[in-house]
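Remarks on the overall topology
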Amino acid sequence: MCTDRDTNKKIVIAIDGFSSCGKSTFAKAIARRLGYIFIDTGAMYRAVTLYALEHGAIRSGMVDEEAVVRLLPDICIDFRFNPERGASDIYVDGDRVEGKIRTIEVSNCVSAVSSICEVRAKLVAMQQQMGRRRGVVMDGRDIGTTVFPDAELKIFMTARPSVRARRRYDELRAKGDEVSYEEILQNVLSRDKADMTRAISPLRKADDAVVLDNSCMTVAEQMEWFEKEFRRAIGDGR
Ligand SMILES: Nc1ncnc2c1ncn2[C@@H]1O[C@H](COP(=O)(O)OP(=O)(O)O)[C@@H](O)[C@H]1O
Ligand SMILES: Nc1ccn([C@@H]2O[C@H](COP(=O)(O)OP(=O)(O)O)[C@@H](O)[C@H]2O)c(=O)n1
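Residues numbered from 1 in each chain as written. Chains lettered and ligands numbered in written order. Predicted model: local features only at pLDDT ≥ 70, side-chain atom pairs only at ≥ 80, totals over all residues. Heavy atoms only, no water.

From N to C terminus, the chain includes 10 helices and 10 strands. Taken against the 2.2 N^0.38 rule, which gives 18 Å for 238 residues, the C-alpha radius of gyration of the chain at 17 Å falls within 12% of a compact globule. Each principal axis of the C-alpha atoms in the chain carries an extent, and together these give about 55 × 35 × 35 Å. Each of the 238 residues in the chain was classed as buried or not, and the buried ones make up 51%. Considering only contacts in the chain between residues 6 or more positions apart, those separated by 24 or more positions represent 72%. Where the 38 positive side-chain charges of the chain centre and where its 37 negative ones centre are 3 Å apart. (Helix = DSSP H or I, 4+ residues; strand = E, 2+ residues; numbered from the N terminus. Rg over C-alpha atoms; globule rule 2.2 N^0.38 Å. Buried < 20%, exposed > 50% of the residue type's maximum accessible area, 1.4 Å probe, protein only. Contact = heavy atoms within 4.5 Å. Lys, Arg positive; Asp, Glu negative; His and termini not counted. Charge placed at Lys NZ, Arg CZ, Asp CG, Glu CD.)

What follows covers the UniProt feature "binding site: ATP" (unreviewed entry) in the chain. UniProt marks G17, F18, S19, S20, C21, G22, K23, S24 and T25 with the feature "binding site: ATP" (unreviewed entry), using the numbering shown here. Relative to the assigned elements, G17 resides in strand β1 (residues 12–17). Its location among the elements puts T25 in helix α2 (residues 23–34). (UniProt positions renumbered as here; feature names shortened; annotations may be inferred.)

On to the sheet that holds strand β10 (residues 210–213). Sheet architecture is open: five strands sit in the order β2-β8-β1-β9-β10, paired in parallel fashion. Looking at the sheet topology across the chains shown, the edges are occupied by β2 (37–40) and β10. Recorded for the sheet is a direction-independent mean angle of 20° between the axes of neighbouring strands. Where strand β9 (residues 153–158) meets β10, four bridges bridge the pair, whose relative direction is parallel. Following the sheet pairing, T158 is matched in β10 by D213. The sheet strands contacting helix α10 (residues 219–233) are β1, β9 and β10, and the helix crosses β9 at an angle near 150°. (Pairing = 2+ DSSP bridges. Axes fitted to C-alpha atoms, helices over the stretch in contact; angles between N-to-C directions.)

Have a look at this one:
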């Protein structure tokens, strides 16, 4: 284990990777371990998508990019710490939307919304502002490449698509969502493709990121792996 002395040096930890591989779960556990702030940037793209759905900028699954851009100045996003969850919940215009942003309807439109240049510019600026004092763990698709290219520790997460789809399926079914495994797998695969091939800040491993494939790892095993990487990042040779 690292000592308190080690953790005094606050760094930025960037976690990027494919959809549903456990980025937020891992990032949250790291933030708790270090007393850092955890920021789920995917939740921000999902919140914009939900707002667009609720304000007519997405109809029958078709995203009207110009309409989304027109709505952008009105979308007020913030995070508030929820002691019950031990993490922050996301709010839009003062409403807690945590439960509404993880539906399959939002998942099916979010990659199209996140490819819009103006959306990325607004959210990246907010993310950079939130991490300006360091001491943050941020997860997403472009944290190590675009948001914090100077992050001291960059982790690129992956897991087999079937494993990722199964995890997300189990999670949604446990919440009572009537989804099929096949529909979740298709969503995971199509989002990966869209996120990797978009023009602006596509999903890719930063050259200096370390890869974590957690297909066969428990969260506890991931934390053991993390301790070593963290010590390396803060320059503690033990
Ligand atoms: N190492 C793991 N082993 C098994 N299930 C996991 C693991 N990490 C995360 N999960 C589960 O997988 C699902 C997706 O995790 P999440 O952190 O939301 O992924 P992401 O942020 O990459 O979309 C959640 O239900 C979570 O509890
Ligand atoms: N930094 C980020 C984070 C998410 N996103 C987009 O937002 C979507 C949802 O992100 P997420 O992290 O909630 O996705 P899951 O891995 O939880 O399914 C992704 O599929 C991307 O299209 C992004 O473009 N850049």
